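# Observations on the model geometry
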2 protein chains.
Amino acid sequence: MLDKTIDGLVATQAEVASAVAVAAGRARASLLLRNARIVNVITNEITRGSIAIAGRLIAGVGETYDDADTVESVDLGGAHVCPGLIDGHVHIESSLVRPAAYANAVVPRGVTGVVWDPHEIANVAGIAGIEWCIQSSSGLPLSIWIDAPSCVPSTRLETAGARIGVPEIARLLGHPAVVGVGELMSYAALIDGDDDTLARAYLGQLHRTTVNGHAPGVTGRGVQAYLAAGVGSDHECTELDEAREKLRAGVFLMMREGSATRNLKTLLPLLTAETADRVGFVTDDRLPADLIRDGGVDHLVRIAIASGVSPATAIRAASWNTARYYSLNRRGAIAPGYFADLIVLESIETFSAGAVYHSGVLVARNGTLVRDVVSPVVDAELLTAVRDSVRVSPDAATRFRLPATSATTTVRCIRPIPDQILTTEDRAEATVRDGEIVADPSRDIAKLVCLERHGSNGNVGVGLVTGFGLRRGAIAGTVAHDHHNIMAAGIADADLELAVGRLAEIGGGFVVVDRGHVVAELALPIAGLLSEESIATVDIAMQKLDAAARDLGVTMSAPFMTLSFLGLPVIPELRLTDHGLIDVRAGGVVPVVVE
Amino acid sequence: MLDKTIDGLVATQAEVASAVAVAAGRARASLLLRNARIVNVITNEITRGSIAIAGRLIAGVGETYDDADTVESVDLGGAHVCPGLIDGHVHIESSLVRPAAYANAVVPRGVTGVVWDPHEIANVAGIAGIEWCIQSSSGLPLSIWIDAPSCVPSTRLETAGARIGVPEIARLLGHPAVVGVGELMSYAALIDGDDDTLARAYLGQLHRTTVNGHAPGVTGRGVQAYLAAGVGSDHECTELDEAREKLRAGVFLMMREGSATRNLKTLLPLLTAETADRVGFVTDDRLPADLIRDGGVDHLVRIAIASGVSPATAIRAASWNTARYYSLNRRGAIAPGYFADLIVLESIETFSAGAVYHSGVLVARNGTLVRDVVSPVVDAELLTAVRDSVRVSPDAATRFRLPATSATTTVRCIRPIPDQILTTEDRAEATVRDGEIVADPSRDIAKLVCLERHGSNGNVGVGLVTGFGLRRGAIAGTVAHDHHNIMAAGIADADLELAVGRLAEIGGGFVVVDRGHVVAELALPIAGLLSEESIATVDIAMQKLDAAARDLGVTMSAPFMTLSFLGLPVIPELRLTDHGLIDVRAGGVVPVVVE
């Protein structure tokens, strides 16, 4: 199945021949866009002229085609036309919908391509999950390239649903839709010279492809060592100095504006004439509400232009640069032989898309799709592989106790930092009742549990979280980076237990429980990560979940995303997995009780 | 043989692991260059610090390594260090020496890598000739990558010694030393949609590699059609407007300064901050004298800096940009994990190399190699394939007559344009003697012949050339782009005959004949193209040949190079091959006599 050619991503020789014939004037164009202001992201200038299209490809560009022979002709009245945008690093899973529904959300905004690292589904369903992603991405008005997830599981400090080794990654790299090795999050192991991790990085060289980086806050000798291994990009910079250092050391700098991680404005001063070819825009993880309100990578282009970056430079960071970094053939510019992925802009200053073309076909106009995108049919065995993924042992919930001793005085609490995915370790006086450490809503301390849910070992990790504002009940979900075990925060164990049980019943998703009742929920039957509904439907469900959580006292703006990141043991400082409480910098389990 | 790995070009996983260990501070550097001004071609700036080297690779860069643990340490006293230069497009054959001797000439100047399109040897000796090139390039202090020659023969208007089809090019692209499809000179066929030519261009897409362009003077719809086929570069621009148009259309613009083709100063205005990533420097064809006096691609860097281009931008065009265009892994910058190919500059303003490092080893100092480069041993069957390549039929020389009729009044003469490789068609009154059109030194008209010499069909083309200044005797050579048949210009047929006979005796090369005597010669026993001597020896021989030619009245500054290009039927306007006189724009044979 992995060698199935993804026709949508590659131009055939016959298509190329047709484009050459149209360009040379020996054949009629299928479409001629006349009277355009063409944003040239290669030379960073805007020129006048026409774009002659031959099927899926641009045949020729310039005034020489103003009078070209064509089947259909559109006078753009001097409007700006730019290449369709390409998001250089996205986990579509964060949108909570399937690729078709994701396309529905971003294509009308001018996003015509994304590079998807299906790291989340891979952690649940392995290679079959990635195959599901590739099949679910075919034939859409959005070109979806795949990064081969490199860290499944992410660390030895968690239990994932799958294990992807060097041979499996190598096999994925042979697939025509796969354009790179996904983010190597195991930076500590790589810097330490771990053989298996070095082998994963070396796959980039063996397969003449890119290796994406993930090295938050790593600087000095550490980042030099990390990059020496062959890593080509980084999208985790949160500080200007960190980003400058990485740029100098050779990274393709992906400036990120996600939902929980908003780094673009901090980093924009580095997007200068001298570095304009070394910056790409990425969204990484965006929630449904943000996708609906602000869009995808188009949002970053708008921010950059509003911040004073020249439109051609801003657009380039979300098209040409990313296409070159990934060696995406015939993508990312308005040039002869390139795919006719184009945006006719209503205004270049506000970067608002009027008409959007994908592969030479008008797919959206004035923010609305010309026709709804239907999710492609996927092989039955792949559907089976991604469904019914929540397998918890019946007694798991009975193991949420946190025993105390007479010596127990101080406990570690995870504190999420608002609007970032970093956490810190807080220390607090333990509240002990009947020999157990318990939640203490009066001091904003809730119990946090992580249950292995892949049917593997039934591990349960138990800890404490502060800063959530939870006063009663519980919230829980099967989205938990990167292992996607069940994460649940609550005050009473009974509510935690009910929440976990309900997640198993609906095949994964999110639930809010209040005093013995499920008060809000969203089913995510695909790998416990994705809904089969539209993004609008999912967004409404999320609003209800958020409202129900707020009703329990939660103060976090995106409680379920925050909850999900509490289980991510690769980003400092303190996390919880099914192995227990994790000190990320030390790279090991630490007890809840400070001894 | 083609699957033999070229160890010199690829870093092993063990080498990468060692670089990571040194960068992280877990192992000692093999060499530490301290107190450097480091030219960062990625961010176009100059920073202070140290370069820690682990074997062949740079481990880490920056002030954090000032006190790194190391085996050997060199204090650079604040000197500038830049990446070793990479020449993006060269035919080493034009140097008339083997790769080792070529390395001897350019390495002390800071050239540590070249991309060689061995198109000339391929036209004589086919795939075996290319294998000879690869073997002869291994283990040198110069990294030599290979472009797979795409046009052998160049046209249907000549007889070459070999024929390389789509399957052979595809096989070459599988070799680890081969980094692209060589220049597609058949632009007219490509624009016309010729299937075989389209298939050659499409190999770039199939093999995820570059396709180099060659489209002199092609603009408008023609160049759009040419590029739509998948061509990625061009090095034939002679005019600013032509180059600007090609840049806008997406080419990686190779600015060339060869011996016969000096385009850099004309094109330099296009090397701006907006296009600084889209320009590469190349030498294409350089004669021994120019290599000795001015150097290789270092000469272009000097010209650019002297013309006001910032040093980092100029150096970048001869390193980083070219490395990225060809996806040369770990090359072209001073960054962690990159090959330690470095130049310590005596002065960045004059761009004079002090010490030169290749793969972490000091290979030259103050313009002199640390040790002489020895040509690697080549398999016996490959040597056989490239030697004894001049095979002319005994009666060939008797066919130099140009019969006239009573109607003969006007003849076509080829006129080479000085310092370019273009020619024009001149028309002149015919000088007829004994029923034959003959040379007329009083009007600077010489006879020009082209003899098939590969033992194939014994074709002889006969024409006239003007602008050479020849008054008596003959000059002849086996270097004749691209078929490399024997080209000879002379006044008397007997001298032409003697010159051809002598070339057959010495296995190819250049000869000057004066009134029945060979007065100067240079043997080029490898494919009739390369000497086995040093470049200095060859240069002296060329000086003697040039002096002997001047003694015959020749006024051209480089008569043998000019002679060789007279047989090139892909560059306008009038040429001579073994098929006869060629009208390049019309793409066919035309008679000498104007009817």
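Note on numbering: residues in each chain are counted from 1, in written sequence order. Chains and ligands are labelled by the order in which they are written, letters from A for the one and numbers from 1 for the other. This being a predicted model, a pLDDT of at least 70 is required before a residue's local features are given, and a value of 80 or more before pairs of side-chain atoms are given or counted; all residues contribute to the totals for chains, interfaces and linings. No hydrogens and no water enter the side-chain calculation; it runs on all heavy atoms of the structure.

All names here are of chain A. Residue ranges for the domains originate in an automatic or database domain assignment. Taken as a whole, chain A is organised into domain 1 (84–332) and domain 2 (396–589). By the convention used here, residues are in contact when the closest approach between their heavy atoms is within 4.5 Å. Residue-level contacts link 38 residues of domain 1 with 44 residues of domain 2. As used here, buried area is the combined drop in accessible area, with a 1.4 Å probe, of two parts when they are placed together. Both faces considered, domain 1 and domain 2 share a buried interface measuring about 3100 Å² in area, 69% of it formed by carbon and sulfur atoms. Area buried by domain 1 at its contact with domain 2 is led by Leu96, Leu157 and Thr159, which between them contribute 24% of it. What counts as a salt bridge is simple: a side-chain nitrogen of Lys or Arg found within 4 Å of a carboxyl oxygen of Asp or Glu. Where domain 1 meets domain 2, there are zero salt bridges.

Before going further, it helps to spend a moment on the interface of chain B and chain A. Residue-level contacts link 62 residues of chain B with 62 residues of chain A. Taken together, both faces of the contact between chain B and chain A bury some 4800 Å²; the carbon and sulfur share is 50%. Remark: the boundary between chain B and chain A carries six salt bridges. Breaking the side of chain B that touches chain A down by element, the ones donating at least two residues are helix 1 (13–24), strand 2 (45–54), strand 3 (57–62), helix 5 (187–191), helix 6 (195–206), helix 7 (220–228) and helix 8 (240–248) of chain B. Segments assigned H or I by DSSP are reported as helices when at least four residues long, segments assigned E as strands when at least two residues long, and all are numbered from the N terminus. If you tally residues by element for the side of chain B that touches chain A, the top one is helix 1 of chain B, at seven residues. Split by residue class, the side of chain B that touches chain A holds 30 nonpolar, 19 polar and 13 charged. Under the scheme applied, nonpolar residues are Ala, Val, Leu, Ile, Met, Phe, Trp, Tyr, Cys and Pro; charged residues are Asp, Glu, Lys and Arg; polar residues are all the others, including Gly.

Our focus in this paragraph is the packing of aromatic side chains. All names here are of chain B. Side-chain rings of Phe, Tyr and Trp (the six-membered ring for Trp) are treated as a pair once their centres are within 6.5 Å; stacked means planes under 30 degrees apart, edge-to-face means over 60, and tilted covers the remaining angles. Taken as a whole and judged by the stated rule, the model has eight aromatic pairs over all chains. Relative to Tyr325, the ring of Phe252 has its centre 4.7 Å away and its plane inclined at 10°; by these criteria the two rings are stacked. Of this pair, Phe252 sits in strand 12 (residues 252–256) while Tyr325 sits in helix 13 (residues 320–325), and the two are 73 residues apart along the sequence. Assigned by exposure class, Phe252 and Tyr325 land together as buried. When accessible area is computed with a 1.4 Å probe and restricted to protein chains, residues below 20% of their type maximum are described as buried, those above 50% as exposed, and intermediate ones as partly exposed.

With that settled, the discussion passes to the pairing of strand 8 (residues 143–148) of chain B. Residues and elements named next belong to chain B. Across the six residues of strand 8, six count as buried, placing the element largely inside the fold. On strand 8, burial covers both faces: Ser143, Trp145 and Asp147 on one face and Ile144, Ile146 and Ala148 on the other are all buried. Between any two strands, at least two bridges found by DSSP are needed for them to pair. Here four bridges tie strand 7 (residues 111–116) to strand 8, and the two strands are oriented parallel to one another. Bridging from a neighbouring strand, Val115 pairs with Trp145 of strand 8. For a crossover, the right-handed case is the one in which the path from the first strand over the helix to the second runs clockwise, viewed with the strands pointing away from the viewer. For the handedness criterion, the β-α-β arrangement of strand 7, helix 3 (residues 119–136) and strand 8 is classed as right-handed. Direction of pairing for strand 8 relative to strand 9 (residues 178–184): parallel, over a ladder of three bridges. Counted as the bridge partner of Ile146 is Val178 from strand 9.

So, about the sheet that holds strand 28 (residues 574–577) of chain A. Residue and element names in this part refer to chain A. Strand order in this open sheet of three strands is 28-29-30, and the pairing throughout is antiparallel. Lying at the two open borders of the sheet, with one neighbouring strand each, are strand 28 and strand 30 (588–589). Relative to strand 29 (residues 580–583), strand 28 runs antiparallel, the two sharing four bridges. Note that in strand 29 the partner of Arg575 across the bridge is Ile582.

A separate point is the pattern of salt bridges. Under the defined criterion, the tally for this structure stands at 62 salt bridges over all chains. For Arg585(A), the salt bridge identified is with Glu573(A), shortest N-O distance 3.3 Å. Linking Arg585(A) in the loop between strand 29 and strand 30 with Glu573(A) in the loop between helix 17 (559–565) and strand 28, this pair joins segments that are twelve residues apart in sequence. We classify Arg585(A) as exposed; its relative accessible area is 62%. Two residues, Arg443(B) and Asp440(B), come together in a salt bridge whose shortest N-O distance is 3.1 Å. With relative accessibility at 35%, the residue Arg443(B) sits in the partly exposed group. Beyond isolated ion pairs, a larger network of salt bridges with shared partners links Glu257(A), Arg262(A), Asp290(A), Arg293(A) and Asp294(A).

Let us now look at the relation of the copies chain B and chain A. With an RMSD of 0.1 Å, the fit of chain B onto chain A corresponds to turning through 180° and sliding 0.0 Å along the axis. Those values place the two copies in the arrangement expected of a two-fold rotation axis. It is Ala273(B) whose C-alpha, among those of chain B, lies nearest the rotation axis, at 3.1 Å. Same-surface contact between copies: 100% of interface residues of chain B are shared with the interface of chain A. Here the copies were fitted onto each other by least squares, based on C-alpha atoms from residues at pLDDT of at least 70 in both.

All names here are of chain B. When you line up the elements, Gly49 lands in strand 2. Taking relative accessible area as the criterion, Gly49 reaches 5% and is therefore assigned buried. Along the backbone, Gly49 and Ala523 are 474 residues apart, and their C-alpha atoms lie at a distance of 50 Å. Ignoring any residue separated from it by four or fewer positions in sequence, one finds Gly49 in contact with Leu33, Arg34, Asn35, Ala36, Ile38, Gly62, Glu63 and Asp66.

Now for the nonpolar core. Met255(A), Phe281(A) and Leu342(A) are the most contacted members of the largest nonpolar core, which has 215 residues in total. Examining the composition of this core, we find that nine residues originate from one element, helix 3 (residues 119–136) of chain A, more than from any other. Formed jointly, this core draws a minimum of three residues from each of two domains, domain 1 (84–332) and domain 2 (396–589) of chain A. Membership of the second largest hydrophobic core comes to 214 residues, among which are Ala249(B), Leu369(B), Phe400(B) and Ala404(B). Nonpolar cores were defined as sets of buried Ala, Val, Leu, Ile, Met, Phe, Trp, Tyr and Cys residues, with membership established by side-chain atoms within 4.5 Å.

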